[in-house]
Amino acid sequence: MSSTTGHSAFPAPHPAIAWMDGDFVDWENCTLHVRTQAGFFGANIFEGLRAYWNEEAQKSYIFRLDDHLSRLEQSMKIMRMKSRFDTPTLRRATIELLHRCDFNEHAQINLSTYFRYSGPGEPLIATEDTGAHITTIPLPRSPKIEKGIAAGIVSWRRISDDSVPPRAKVAANYQNSRFAQNEARDNGFDVGIILNSRGKVSEGPAACVFIIRNNVLITPPVYSDILESLTRDTLIVLAKEKMGLQVVEREIDRTELLIADEVLMCGTLFEILPVTSVDRVPVSDGNVGRITRELQSHYLKTVTGQYPEYAAWCTEVTAPKVSLTHREALAWVESPDAAAYAWAKESLADFGSYLEEPSKFPCNFARAAYRTHSLHFIFAGSDTDPLELARVRQGLREYLETVSSLTGIEESMNALAILFKPDATEQSLASYHQTAWQVMQDWIDNDPQAWPQDIPTDPEAPFWSLCFAGVPIFVNVSAPAHHRRKSRNLGQSLALITQPRAGFDLVGGPTPEGDRARQRIRAQVELYDGEPSPDVLGTYHRGDLEWKQYVLTETNAEHLSRCPLHVPSVAAAAPAQDNGLAAGGSR
Ligand code: PMP
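Note that the coordinates shown come from a computational prediction; the quantities given were computed from them, not determined experimentally.

Looking only at helices and strands, one finds 17 helices and 24 strands in the protein chain. Seen through its C-alpha atoms, the protein chain measures out along the principal axes to roughly 95 × 60 × 45 Å. Buried positions account for 53% of the 587 residues belonging to the protein chain. The contacts of the protein chain with a sequence gap of at least 6 include a subset with a gap of at least 24, amounting to 70%. In the form shown here, the protein chain has an accessible surface area of approximately 26400 Å², with 53% of it arising from carbon and sulfur atoms. Between the averaged position of the 57 positive side-chain charges in the protein chain and that of its 74 negative side-chain charges there is a distance of 4 Å.

Laid out in structure tokens, this is it:
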């Protein structure tokens, strides 16, 4: 974990980063001004989530992320809040924050949308000025899960739907919970149970209540002034589906707490806490009950992703998707997710201008692929930063997996354009080419799979092809410094146009039609470039040198004599866990 406890006022281990208003920020900078409605009046809506670390799978799962986000939307609707950040953005940011924190242990997550400023003198109305923040900390499960808790009924009454609706998860509501919890603690209890204004059992400060009587699970209904708890819902499902128990949602009298066979409280943070006494009266014999224990065990298996039937509740923490379809890329460059890639929008448009009418770019396939939105894109913020290089490799893996099932014309059209952040000033062609070779070498050095057995590893050998993730690929390098050979210039970004070899070869195979197709393309290229067609072009199938076609020089006069790439003769796979940190990036 990239945590710091050093100079922070926060009293627990925490990561170095958080997410706020569209950006990943330093933990210490995830702050609000005191004059925001949220800072002053508690006008923020929030969700508390947990991410569970599955040791065996070495993966983290966020439990019921989509349901938490739906509840956030509902709270916002009640509060008349229109968040600047839509749900997909918050979803992606949450997953990416967890991914970046790389905890390898259980974690707790707080996600909040908040009101910022309204007009002077009117600080209590919904304002369009909103923000959002997401923080996460490592948090083990509570030891109280095992031994249970002592609950006490408090004198405070629960806020109600006709005054401060508990259904909306608003920070200010929690003053009621605070009164209750302070009283309970003052009286020596672990937790308070709050009755509603009708005198019936409502809930705890941050947890719902269940009692078990004669093997029936009973819990107050959603109109008992409770938060519509997701753990409550999970338990209802598990009790019915995994244990065949009857579940009844009805009002509960306070004296039922004293005579119940079992009592439990549940919530995301609490999980399932057995209540072993209420107002110092032991529940049954004061030990944790059988049904509660069984529910706990099903709950733990559910949240750690061990039950396939509830897998949809567990969102695996993965790296954000890097390889985007053309349509995804068009949306992404406009979204807050692309904040760190502000250049990408212009690069994409610029790239498009080379392939769109009236451009006569001499590759019909490229033009058609662009027109039909068949291309895929990776935007690379740097060609040296190991993390960005790791992102590119991850994107390349994603892309190859996406297109692995395509055949025929689709396979040829679904090429990948890797666009690098443009340099402030144009570099020399040799420098762009060196960068391109370095990026390709980085793929070789950090290939997750061993080189395919039937492809030679020596680039000077016939039938050699660059390979990645077990797939032979073709790379066409386009650079802004190609002024004469314009067919290798697709705008301000250095562009590595990449695709599986098989798709690339479909048009120009070793057949008379293939020869004619290549001939046609070369004639078009000559016309577009005003230069003789490159003499190094050949066909893979006839064993012509492949690497020479990746990078072309301005004129046919100067070609590299040897391939700069080095493929170890027995190319071993890089460690499977490629998060870019261990691999160390390019050489
Ligand atoms: N009631 C209240 C008042 C809460 O704050 C919480 C915690 N979010 C719960 C119940 C339990 O809800 P959940 O299971 O969705 O965490």
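Attention now goes to the packing of helix α12 (residues 386-403) against helix α14 (residues 429-445). Interaxial distance between α12 and α14 falls to 10 Å at its minimum, and their mutual angle equals 70°. Considering the angle they form, α12 stands roughly perpendicular to α14. When you trace α12 past α14, the crossing you get is right-handed. Here α12 contributes L389, V392, R393 and L396 to the contact with α14, which in turn contributes V439, D442 and W443.

Here we come to the site of the ligand. Neighbouring the ligand are 15 residues, the closest being R71, Y174, E203, T231 and T268. At 2.8 Å, a backbone N or O of L230 approaches an oxygen atom of the ligand. T268 places a side-chain nitrogen or oxygen 2.5 Å from an oxygen atom of the ligand. Protein chains bury 96% of the 380 Å² of accessible surface belonging to the ligand in isolation. In terms of residue class, the shell around the ligand is made up of seven nonpolar, four polar and four charged.

Residues M440, W443, L466, V475, L496 and Y550 are the most contacted members of the largest nonpolar core, which totals 43 residues. Looking at this core, the elements with two or more residues in it are β20 (376-380), α12, β21 (416-420), α14, β22 (466-468), β23 (471-478) and α17 (547-550). If one sorts the elements of this core by residue count, α14 sits on top with eight residues. For L466, the residues in contact, after removing those within four places along its chain, are M440, W443, I444, W451, V471, P472, I473, V475, Y550 and L565. One finds I17, A51, I62 and C101 within the second-largest nonpolar core, a separate group that totals 29 residues.

A separate point is the packing of aromatic side chains. Under the criterion given, the structure shown has 23 aromatic pairs. Taken together, W332, Y341, W343, F351, Y370, F377 and F379 form an aromatic cluster joined through their ring pairs. Above the face of the F24 ring, R100 is positioned so that its terminal group lies 3.9 Å from the ring centre. In this structure, K242 is placed above the aromatic ring of Y307, and the distance from its NZ or CZ to the ring centre is 3.9 Å.

Right, let's talk about the side chain of E398 for a bit. The residue E398 is located in helix α12 in this model. Buried within the structure, E398 lacks any salt-bridge partner; K321 is the closest side chain of opposite charge, at an N-O distance of 5.4 Å.

Looking now at the sheet that holds strand β8 (residues 130-138). Spatial strand order, β4-β3-β8-β7-β5-β6-β18: seven strands in an open sheet with antiparallel pairing. Since the sheet does not close on itself, it has two edges, and those belong to β4 (23-26) and β18 (314-316), each with one partner. The sheet shows a mean angle of 30° between the axes of neighbouring strands, direction not considered. Sitting on the sheet, helix α2 (residues 65-78) is in contact with β5 (44-54), β6 (59-63), β7 (107-115) and β18, with an inclination near 175° to β5. Helix α3 (residues 87-101) contacts β3 (17-20), β4, β5, β6, β7, β8 and β18 of the sheet and is inclined by roughly 30° relative to β8.

A few words on the sheet that holds β21. The sheet built from six strands is open, its strands ordered β19-β20-β21-β24-β23-β22 with mixed pairing. Taken across any chain shown, the strands that pair with only one partner, and hence form the sheet edges, are β19 (324-325) and β22. Against the sheet, α12 makes contact with β20, β21, β22, β23 and β24 (495-500), and its axis sits at roughly 175° relative to β20, the strand it touches most. α14 rests against β21, β22, β23 and β24 of the sheet, and its axis sits at about 165° to β23.

Here the focus is unusual backbone geometry. Glycine aside, a negative phi is what most residues show, and trans is what most peptide bonds show. Following E357, the chain continues to P358 via a peptide bond in cis, the omega torsion being 5°. Structurally, P358 can be placed in the loop between α10 (344-355) and α11 (364-371). A positive phi angle, near 65°, is found at N215, a position not held by glycine. Tracing the sequence through the fold places N215 in the loop between β12 (208-213) and β13 (216-219). Phi angles above zero are rare outside glycine, and S284 is one such case at about 50°.

Our focus in this paragraph is α14. Relative to the 24 Å expected for 17 residues at 1.5 Å per residue, α14 spans 24 Å between its end C-alpha atoms, a close match to the ideal helical length. The element α14 is largely enclosed, with a buried count of twelve among its 17 residues. Listing the buried residues of α14 in full gives L429, Y432, H433, T435, A436, W437, V439, M440, Q441, D442, W443 and I444. Among the structural elements, α12, β21, β22, β23, β24 and α17 are those in contact with the buried residues of α14.

Turning to its location among the elements, V551 is positioned in the segment after α17. Assessed through its relative accessible area of 11%, V551 is described here as buried. When the C-alpha atoms of V551 and R488 are compared, they prove to be 8.7 Å apart, with 63 residues separating the residues in sequence. Excluding anything up to four places from it in sequence, V551 contacts H433, W437, V477 and R488.

Let us now look at the pairing of β23. Summarising the sheet, β22 and β23 pair through three bridges and their orientation is antiparallel. Pairing of L466 across the sheet is with I473, part of β23. In this structure, the hairpin formed by β22 and β23 is closed by a connection of two residues, where A469 is found at a positive phi of approximately 55°. Bridge analysis of β23 against β24 gives six bridges, and the strand direction is antiparallel. Residue S478 lies in a different strand from β24, and its bridge partner there is A495.

About the criteria used
Residues numbered from 1 in each chain as written. Predicted model: local features only at pLDDT ≥ 70, side-chain atom pairs only at ≥ 80, totals over all residues. Heavy atoms only, no water. Helix = DSSP H or I, 4+ residues; strand = E, 2+ residues; numbered from the N terminus. Buried < 20%, exposed > 50% of the residue type's maximum accessible area, 1.4 Å probe, protein only. Contact = heavy atoms within 4.5 Å. Areas by Shrake-Rupley, 256 points an atom, 1.4 Å probe, with all protein chains shown as cover. Lys, Arg positive; Asp, Glu negative; His and termini not counted. Charge placed at Lys NZ, Arg CZ, Asp CG, Glu CD. Axes fitted to C-alpha atoms, helices over the stretch in contact; angles between N-to-C directions. Parallel < 35°, antiparallel > 145°, perpendicular 65-115°, else oblique. Left-handed = near helix turned anticlockwise from the far one by under 90°. Near = heavy atom within 4 Å. Polar contact = N/O pair within 3.5 Å; in protein donor to acceptor, adjacent residues only side chain to side chain. Nonpolar A, V, L, I, M, F, W, Y, C, P; charged D, E, K, R; others polar. Core = buried A, V, L, I, M, F, W, Y, C linked by side-chain atoms within 4.5 Å. Phe/Tyr/Trp six-rings, centres within 6.5 Å; stacked < 30°, edge-to-face > 60°. Lys NZ or Arg CZ within 6 Å of the ring centre and 35° of its normal. Salt bridge = Lys/Arg side-chain N within 4 Å of Asp/Glu carboxyl O. Pairing = 2+ DSSP bridges. Expected span 1.5 Å × (residues − 1).

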